[in-house]
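Each chain, written out:
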Amino acid sequence: MVPDIPTPRPRPAPSAAPDTVPVPVPGAGPLALELLVHGVAGAPPEELLGDPRTVRVTGDSTAAVFRRGDDADAEAHPERYTGRPVPEVYCWSRLTSGNGARALWLLLLPFMVANLAHWARPPAPAGSARAVRAYGVLVRLVALSLTVLLIAAACEVSLDLFAWQCAGSPHCAASRSWLAFLSPERGGWWSQPGRRLALGALVPAGLTWLLWYLSNRTWSAYEAQPPPPTDPDPDEAEEDAEGGAPALGRPGFWYGRRIVARLRAAHTAAGLLTVAAAVAVPTLRYDAHAAGAGLPAGPGRIAQAVLVAGGAVVLWVVCRRGRSESRADQRVDRAVVSWLPGCATAVLAAVLCYACWSRPGWTSTGRLPGDLVFGWLALAQGGCVLALSAVALHLHRRGAGGVLRGLGGPAVAMLACALGGVMSAGVAQRVGDWLGESGTPVAGAGAGTGVVGSASVAAGELAGPPVLLSWQAAVLPPLLLVLLLAACWFAVRGARVRRATAVTVAAEYPGARPDRARSRRIAGARAAAALTDSAPWFIGAVSTVTLVLGAGAVAGAWLSGRVPGEAARHATPVLEDAARGAQDAGSWLVGFGFVLFVTLGRRAYKDASARRTIGILWDVGTFWPRAAHPFAPPCYAERAVPDLTWRMTTWTERTGGRLVLSGHSQGSVLAAAAVWQLPPQVRRRVALLTYGSPLARLYGRWFPAYFGPGPLTALHREVECWRNLWRATDPIGGPVLEAGERDVDRGPLADPVAYGRTALHPLPAPVLGHSDYQADPAFAAERAALLARLVLADRTVDA
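Conventions used here
- Residues numbered from 1 in each chain as written.
- Predicted model: local features only at pLDDT ≥ 70, side-chain atom pairs only at ≥ 80, totals over all residues.
- Heavy atoms only, no water.
- Disulfide = S-S within 2.5 Å.
- Salt bridge = Lys/Arg side-chain N within 4 Å of Asp/Glu carboxyl O.
- Helix = DSSP H or I, 4+ residues; strand = E, 2+ residues; numbered from the N terminus.
- Buried < 20%, exposed > 50% of the residue type's maximum accessible area, 1.4 Å probe, protein only.
- Axes fitted to C-alpha atoms, helices over the stretch in contact; angles between N-to-C directions.
- Parallel < 35°, antiparallel > 145°, perpendicular 65-115°, else oblique.
- Nonpolar A, V, L, I, M, F, W, Y, C, P; charged D, E, K, R; others polar.
- Pairing = 2+ DSSP bridges.
- Lys, Arg positive; Asp, Glu negative; His and termini not counted.
- Contact = heavy atoms within 4.5 Å.
- Phe/Tyr/Trp six-rings, centres within 6.5 Å; stacked < 30°, edge-to-face > 60°.
- Lys NZ or Arg CZ within 6 Å of the ring centre and 35° of its normal.
- Patch = residues over 30% accessible without salt bridge, like charges linked within 9 Å, V, L, I, M, F, W, Y side chains within 5 Å.
- Areas by Shrake-Rupley, 256 points an atom, 1.4 Å probe, with all protein chains shown as cover.
- Left-handed = near helix turned anticlockwise from the far one by under 90°.

K.L.:
Looking at this model, I keep getting lost on the state of the cysteines. Mind explaining?
P.N.:
Here a disulfide denotes one covalent bond, and it connects the sulfur atoms of two cysteines. Inspection of every chain in the model, using the stated rule, returns one disulfide. Free of any disulfide, C319 has its nearest cysteine sulfur in C384, 9.0 Å distant.

K.L.:
What exactly am I supposed to notice about the pattern of salt bridges here?
P.N.:
Working definition: two side chains of opposite charge can pair if their charged atoms are close together. Here the structure, examined in full by the defined rule, presents 19 salt bridges. Across the pair R580 and E566 runs a salt bridge, and its minimum N-O distance is 3.5 Å. One end of the pair, R580, is in helix 19 (residues 573–606); the other, E566, is in helix 18 (residues 564–567), and 14 residues separate them in sequence. Taking relative accessible area as the criterion, R580 reaches 30% and is therefore assigned partly exposed. Owing to a relative accessible area of 15%, E566 belongs among the buried residues under this scheme. Within this structure, R67, E75, E88 and R647 form a network of salt bridges that share partners.

K.L.:
Sorry, what's going on with the packing of helix 4 (residues 129–166) against helix 13 (residues 408–435) here?
P.N.:
Angle between the axes and distance between the axes: these two values describe a pair of packed helices. Following both chains from N to C, one finds helix 4 and helix 13 inclined at 5 degrees, their axes separated by 10 Å at the closest point. Comparing their axes, helix 13 and helix 4 come out roughly parallel. Per-class residue counts for the contact of helix 4 with helix 13 are 18 nonpolar, five polar and one charged.

K.L.:
Mind showing me how you'd approach the sheet that holds strand 3 (residues 64–68) here?
P.N.:
Strands belonging to one sheet form pairs held by backbone hydrogen bonds; the direction of such a pair is parallel or antiparallel. The sheet built from eight strands is open, its strands ordered 2-3-4-1-5-6-7-8 with mixed pairing. Each of the sheet's edge strands pairs with one partner strand only, and the pair in question is strand 2 (54–59) and strand 8 (745–749). Across the sheet, the mean angle separating the axes of adjacent strands is 20 degrees when strand polarity is ignored. When strand 7 (residues 722–727) meets strand 8, the two strands line up parallel, connected through three bridges. Bridging across to strand 8, N724 finds its partner in D745.

K.L.:
What is the right way to look at the side chain of D160 in this model?
P.N.:
Here D160 shows up in helix 4. Despite its burial, D160 pairs with no opposite charge, the nearest such side chain being R367 at 5.8 Å. Not counting the four nearest positions on each side in its chain, D160 is found in contact with C155, Q165, R367, L368 and G464.

K.L.:
I tried to follow the packing of aromatic side chains on my own but got confused; where do I start?
P.N.:
What characterises a pair of aromatic rings is the spacing of the ring centres plus the angle enclosed by the ring planes. All told, the structure shown has 29 aromatic pairs when counted by the stated rule. Seen in terms of ring centroids, W119 and Y706 are 5.2 Å apart; in terms of plane orientation they differ by 70 degrees. Their pairing is edge-to-face. Of this pair, W119 sits in helix 3 (residues 109–119) while Y706 is found in helix 25 (residues 704–707), placing the two residues 587 residues apart along the sequence. Note on W119: relative accessible area 0%, which makes it buried. Their ring planes at 45 degrees and their centres at 5.9 Å tell us that Y691 and Y773 sit as a pair that is tilted. Linking Y691 in strand 6 (residues 686–691) with Y773 in the loop between strand 8 and helix 27 (777–798), this pair joins segments that are 82 residues apart in sequence. Each of the two residues, Y691 as well as Y773, counts as buried. Among the aromatic residues, those joined into a cluster by ring pairs are W92, W119, F253, W254, F623, W624, Y636, W676, Y699, F703, Y706 and F707. Geometry around W189 places R195 over its ring, the cationic atom sitting 4.0 Å from the centre. In this structure, R359 packs its charged tip against the face of Y354, placed 4.9 Å from the ring centre.

K.L.:
What is the right way to look at the pairing of strand 5 (residues 658–664) in this model?
P.N.:
Within a regular strand, the side chains alternate between the two sheet faces. Most of strand 5 is tucked away: seven of the seven residues are buried. Going residue by residue along strand 5, you find R658, V660, S662 and H664 tucked away on one face and L659, L661 and G663 tucked away on the opposite face as well. By the bridge criterion, six bridges tie strand 5 to strand 6 in an arrangement that is parallel. Note on strand 6: the bridge partner recorded for V660 is A687.

K.L.:
Explain a nonpolar patch on the surface to me, please; I cannot follow it from the model alone.
P.N.:
Together, L372, W376, L379 and W558 give the surface a local cluster of nonpolar side chains, amounting to about 430 Å² of exposed area. Its place among the elements puts L379 in helix 12 (residues 373–399). Accessibility expressed as a relative area gives 40% for L379, which makes it partly exposed.

K.L.:
I keep staring at the side chain of Q381 and nothing clicks. Help me out?
P.N.:
Here Q381 shows up in helix 12. The residues touching Q381, leaving out its near neighbours within four places in the chain, are S145, L146, L149 and C417.

K.L.:
How do you make sense of the packing of helix 9 (residues 257–289) against helix 11 (residues 334–355) when you look at a structure like this?
P.N.:
Remark: helix 9 packs on helix 11, axes separated minimally by 9 Å, with the N-to-C direction vectors making an angle of 15 degrees. As summarised for this structure, helix 9 and helix 11 are arranged roughly parallel, according to the angle between their axes. For the crossing formed where helix 9 meets helix 11, the hand is left-handed.

Interpretation in functional terms is not warranted from these geometric data alone.
Below you can see the structure in the form of structure tokens.
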């Protein structure tokens, strides 16, 4: 059942400032600083500071702190800033939308989503350490399966479609001169199937090492930023490790060097072993059928044993204990990091040499043996997601919290698997369309054994990609139909809410003359903003339908061995037409999605504005450290949070001044994370001002173990000077604390600030929604109040 759209909160009159707002005393106290942290797709520092002349105070070309030129020497002349703070801004947008190489991160989208699933677990009450470890292991296994799926898709294209099918077909090879040297018609050295496979294996192997290189390089550029040195109390560190303190306040939370290095080695080895298996399976199968042809049996048996042992070692490394957050762990598992990828490379080289052994009687027909790997991967992913759901439900029953009754993490993991499957199917089917006359497998063509006499294919045609990929594409139309129906329902429900809300809008502005069109516009903005609270049900619906349809696709492919249209050929006319329609529409959708994906990536590579738009996705998705997938886009917060922590710590210690950390949207999440990392003596000099903040509305619901009511309430206890501004028209921001702790929240602010034309607003005031919070009079009032409270707190401590 689809839940109702939450009705927008009742709009009381715009809240006033607290009854007793302390006013800063002119000349009292040391210098004050306002450190602004912008949100997603941040504007340049000139715009944020309102001055075309800005200077970089500290930082580099990727992330830096800027001030106005006139304020560059503020510390030397504090008398100039009596009663007002020195404004400066921390610009971090280039961490996610810098040079054109960021466009390549689109290829890593499934990895990023899988990494989010790690952080979306429900809160863990005392005594749940085993369940938390099980949750982490299952997410890491899902992440590992996505790496294997990507490399398997590359093997499908390079080894199966090119080296096995096209190069082995005289018609296909003759029409492409650059493949002619592989054609059996020419009888060259590379014409034997094993040698063609060895050559084609260089592509997925190179892709694996490219992922290793990018992960290693981005770690050095983004995440290798140690936190400020501290000397924590041993009892306190032990309490942190056991979960007694908020996780984001632990010293090693934003420094995951050890786990990233270990997982990087394991995933690299898994990718290389996948390539080795893709070459070894058809080779060993041919050798088994051609026993007595003079080929040694020992190397084949050794290769099988080594591949199995290598896979077991990779699983052991991945399933070992996850992140260590009680301290900034500088240690690295040298043996694993150094030896595992190297040994996997040696195994791959040995398998390629074995495949190049002369086998004159070997010919390639049908599909490359081993195409069932996609089915087994889909089953493994579905099993991991179901097990993850069981663990999440167990944690939710004990601790409560999170969206979808604790199933937010499994839903996100299922989305990651779906994205990986769609991308793999899209690449394979588009390449199959390009190489062959038909974009779908020929009716009745099964997986060949690689031996003469296996399943035949029509002359001039290729067998195409595995049947399962066609079934997976065929489930897209029914999935989109379900989503379309849900979207229509929510749209209708939203229209009803808008009409109901429009009746009372004018009454919230005393003295305003009702205007139906104006009221509907304001009510529409509020109803649209309220849809954010229904997003989890969309995600849940997508994940559930994907799981069910994916299981049906695997069953259909394995039971029939044919594409959907051919499998339903002798069924009723309605079922046959539906199957063919779903197959054709799914193939078109996959192709369209692939083309759109490539076009978007190409545009982002060349166009900085398009790159900033895509950067918004990374702003949200790459906030979290790479705890599950080492090949995910890098975590910018592992650079930004230490930057902010260092800046606040060094500035307050050097000047003895007061600091207001001002964060908008995603910047408020960075600000809260940085405040958690501050030493207590520095935190007493820092006030937190957040606005348009998704801390509770998005992060608190999707990541309750880290931003749920408990952690945010604990943050409020540690940062007494904290105010949060929000609007009912804001689709992202909202209150940060529950009703009993509302002394932090001020809102909903009036939006628009005036209902109609007034003496102060002769032109219609716009509905601001998520933007321009600093233009609201409440912003300056709350900032002044926070600075005054810091002054009083200093005097109290001194007294």
